[in-house]
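One-letter residues, chain by chain:
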Amino acid sequence: MKVSRWLGNAIGSSLAARAALLSFLIGAVALASAQNGRMSPYQGESDGVSAGGQWWEFGSTDKMTGAKKVRFELQSNNYFKEDPDYKPRVNLYCSDGKLKLADFNPGVRLPPPNRPGFWGQPQLEVEVRVDDVHNYKGWNWMRGHFLSMDKGTVRGLLSAQVFNIALPTRSGRQIAEFSPGGLNFERVKQACDLTPKKPSKD
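The notes below deal with the structure included here. (Residues numbered from 1 in each chain as written. Predicted model: local features only at pLDDT ≥ 70, side-chain atom pairs only at ≥ 80, totals over all residues. Heavy atoms only, no water.)

## Examining the state of the cysteines
By the definition in use, this model includes one disulfide. One disulfide in the model links cysteine 94 with cysteine 192; its S-S distance is 1.9 Å. With the S-S bond torsion at 95 degrees, the cross-link from cysteine 94 to cysteine 192 turns out right-handed. Of the two residues, cysteine 94 is situated in strand β4 (residues 89-95) and cysteine 192 in helix α3 (residues 185-192); the sequence distance between them amounts to 98 residues. With relative accessibility at 2%, the residue cysteine 192 sits in the buried group. (Disulfide = S-S within 2.5 Å. Helix = DSSP H or I, 4+ residues; strand = E, 2+ residues; numbered from the N terminus. Buried < 20%, exposed > 50% of the residue type's maximum accessible area, 1.4 Å probe, protein only.)

## Some words on the pairing of β4
Judged by how many residues are buried, β4 sits mostly within the fold: six of seven residues are covered. With seven bridges joining them, strand β3 (residues 68-75) and β4 adopt antiparallel strand pairing. In the sheet register, glutamate 73 faces β4, and the bridge partner there is asparagine 91. Bridging between β4 and strand β5 (residues 98-105) involves seven bridges; their strand directions are antiparallel. Bridging across to β5, cysteine 94 finds its partner in leucine 99. (Pairing = 2+ DSSP bridges.)

## Focus on the packing of aromatic side chains
One pass over the structure, following the stated rule, counts three aromatic pairs. Measuring from centroid to centroid gives 6.4 Å for phenylalanine 104 and phenylalanine 178, while their planes differ by 75 degrees, and the two rings are edge-to-face. In this pair, phenylalanine 104 sits in strand β5 while phenylalanine 178 sits in strand β11 (residues 172-178), placing the two residues 74 residues apart along the sequence. For the pair shown, phenylalanine 104 and phenylalanine 178 are each scored as buried. Centre to centre, the rings of phenylalanine 118 and tryptophan 119 are 4.9 Å apart; their planes meet at 90 degrees, and the pair counts as edge-to-face. Of the two residues, phenylalanine 118 and tryptophan 119, both sit in the exposed class. In this structure an aromatic cluster arises from ring pairing among Phe104, Phe163 and Phe178. Arginine 89 extends its terminal NZ or CZ atom over the ring of tyrosine 86, reaching a point 3.8 Å from the ring centre. (Phe/Tyr/Trp six-rings, centres within 6.5 Å; stacked < 30°, edge-to-face > 60°. Lys NZ or Arg CZ within 6 Å of the ring centre and 35° of its normal.)

Below, the structure is given as structure tokens:
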């Protein structure tokens, strides 16, 4: 009876040790994957690879047209008050080698538009800093969740070291602070046909 009990305890200890080792190995693999890439939140999109600096590149293929799609993402260094778990971010959406859309997603619900665009489309006015250049921009207001950026600002962002966006929010004026330096320009040129351009101070 004692031998049987000892044997049972030994087997139980062995199984527990193996389970602990397996958990450790799974955690180590997950950690290594997290360091080498970033999981995509979108179905059908590959996990992200570094595009230089704090930029990430994600790829997918349009299931109907077969077009190659690439998304570049840059997350801010800070959070907005309403959501400390989601950083504001800039996304560049490219398809078949051309930029299709660049948007700023603050991660919080935007206030109503405060100005009309040239064609009467709803816009939100924001203040943009690209290194030592400050400008006010009217960006198209998209369903209250993100703003469509102009191409000139995007080209300035590509080679900037400092990129900040100040905008009105439901908690008052807040600033998203980005560090865009280190981007691999060749990857963006190939995927989006975009090249950096310093913004004008005018």
